[in-house]
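Coordinates in review
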Amino acid sequence: MANTQNPSLPEDAAGKGRGNFILLTVVIFAAYLIFGLSENVKGPAIPRIQADLDINEFQIGLLLAVNALGYLIACSFTAPLARRIGLKPALMISLFVIALSGVTICFAPSYLMLALSFFIMYLANGMLEIALGILAAGFFTERTGTMLNIAHFFYGGGSIIGPIASAGLMAVTVHNAQLGWRYMYMIVLACALLPLIPALFGHIHGRDNEKIKGEYNAYLRDKNLWCVIIILSFGGMAEMGIGGWLVNYMEKANGFGTKEAAFALTAFFAVFTLTRLVIGPLIDKLGFIKSLLLLCGFASVTLILGILCGGRPGEVLIVLSGIGIAPLYPTVFAVVAKLYHEKIDTAMTVTLTAMGIISMISNLLLGFVIDGARRLFTDLYGSAGLGMGYTAGMLFLALCIVAAFA
């Protein structure tokens, strides 16, 4: 039943008043912060994991691939699980399992057990994203673009804090010994227990367990949903690609030092995160479709110009491209929330699963483009071919955004 006394409250808060609205808003924002933390503490930890366990680059790559597999599996079962046991228990299970995975990572005796622990963590991360997406998209029925961009701002905040917290905690000395990556993971992931406290007292309304035979097939035949999936996949590819490859590109194609290249990435994510905080009201005012066109256009132009300019001017333009890239993900989900509000769990499952598959293929293509271009240009131009290969990879990312725009 809708709230007739205060129409500004979402339907999920009806009958529960302002207190429930505040509780669930805290849960959503805090859980997105935890999501950003858990996904991004690995950067400083990976070199130490590799040294401690004496594993090679292929094994590190396999470890990260296992993460992606866990995430995709979670996308396939979280929505049906939430319908069966309730959205609130599904959300709380995901947070508890993230915290538990910190313990198993800390005490993993071997590479195999560590890979299993990472798989469990990313399985829980996938559950958390689906549950949060369903909750946020169904809960923020007013000013949807603004609220979803603010929610993803907290994810960006976690992404910025994660590497800093990871490096800082690993260097902490207790009883003449550093905490290292094992205890760092246990401490950081234990923070996932904090959103459980307000979640216990909040009222979360989910869809009833119903027969949905043919529902997924109907969505897969929906041309509008596939447009959403393509924009989301290519936008996400640009976000993850820049996050993963910008430092290498700045070092190998532009001759930056390690600290300078790392600063460029930090600046990109700072602009990225700040944009998500402030741009939501403008998106709600302009409308989602017009906003997506403008964002994709701005991101593709600034990124392409930044790659072509190179050097400091290029760095500034690439950092500014974050203004266009940052709102793509939450804005697309705002579109999904508006189009498929009544069956948001199914729409989220189809969208995120398809996005995950497309993004994995795109990442493989990105690696293929960089390696192939490097080999080709090295044969033609010698040592300069390495930087040209990375430049080709960055241009591929820019073309992904152009594809989303088209």
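Computed from a prediction, not measured in an experiment: that's the story for all the values here.

Scanning all chains against the criterion turns up 1 salt bridge. Among the salt bridges present, the one from Arg 312 reaches Glu 315, with a minimum N-O distance of 3.1 Å. Here Arg 312 pairs with Glu 315, and both are found in helix α14 (residues 311-325), just 3 residues apart, close to one helical turn. On the basis of relative accessible area, Glu 315 is assigned to the buried category, the value being 8%.

At a minimum axis separation of 10 Å, helix α13 (residues 288-309) and helix α15 (residues 328-339) run at an interaxial angle of 160°. Considered as vectors, α13 and α15 are oriented roughly antiparallel to each other. Considering only the axes of α13 and α15, their crossing is left-handed. Residues Phe 288, Leu 292, Leu 295 and Cys 296 of α13 form the contact with α15, whose participating residues are Leu 328, Thr 331, Val 332, Ala 334, Val 335 and Lys 338. Classifying every residue of the contact of α13 with α15 by side-chain character gives 8 nonpolar, 1 polar and 1 charged.

Moving on, we get to empty space enclosed by the protein. Inspection of every chain in the model, using the stated rule, returns 2 cavities of 30 Å³ or more. Its boundaries defined by the atoms lining it, the largest cavity holds a volume of some 60 Å³. If you go around the largest cavity, the residues you meet are Tyr 32, Glu 129, Gly 133, Ala 136, Ala 137, Leu 148, His 152, Tyr 329, Phe 333 and Met 348. Mapped by element, the contributors of at least two residues to the lining of the largest cavity are α5 (111-139), α6 (144-171) and α15. No other element matches α5, which puts 4 residues into the lining of the largest cavity. Of the residues contributing to the lining of the largest cavity, the split by class is 7 nonpolar, 2 polar and 1 charged.

Before going further, it helps to spend a moment on the nonpolar core. Of all hydrophobic cores here, the largest spans 118 residues; its most connected members are Ile 28, Leu 91, Phe 118, Tyr 185, Leu 246 and Leu 352. When residues of this core are assigned to their parent elements, the largest contribution, 16 residues, is made by α5. What Phe 118 contacts, discounting residues up to four positions off in sequence, is Ile 49, Leu 63, Asn 67, Ile 105 and Tyr 185.

How each quantity is defined
Residues numbered from 1 in each chain as written. Predicted model: local features only at pLDDT ≥ 70, side-chain atom pairs only at ≥ 80, totals over all residues. Heavy atoms only, no water. Salt bridge = Lys/Arg side-chain N within 4 Å of Asp/Glu carboxyl O. Helix = DSSP H or I, 4+ residues; strand = E, 2+ residues; numbered from the N terminus. Buried < 20%, exposed > 50% of the residue type's maximum accessible area, 1.4 Å probe, protein only. Axes fitted to C-alpha atoms, helices over the stretch in contact; angles between N-to-C directions. Parallel < 35°, antiparallel > 145°, perpendicular 65-115°, else oblique. Left-handed = near helix turned anticlockwise from the far one by under 90°. Contact = heavy atoms within 4.5 Å. Nonpolar A, V, L, I, M, F, W, Y, C, P; charged D, E, K, R; others polar. 1 Å grid on protein atoms, 1.4 Å probe; cavity = no way out; pocket = protein on both sides within 12 Å on 5 of 7 lines; lining within 4 Å. Points joined across faces, edges and corners; volume = space filled by probe spheres on them. Core = buried A, V, L, I, M, F, W, Y, C linked by side-chain atoms within 4.5 Å.

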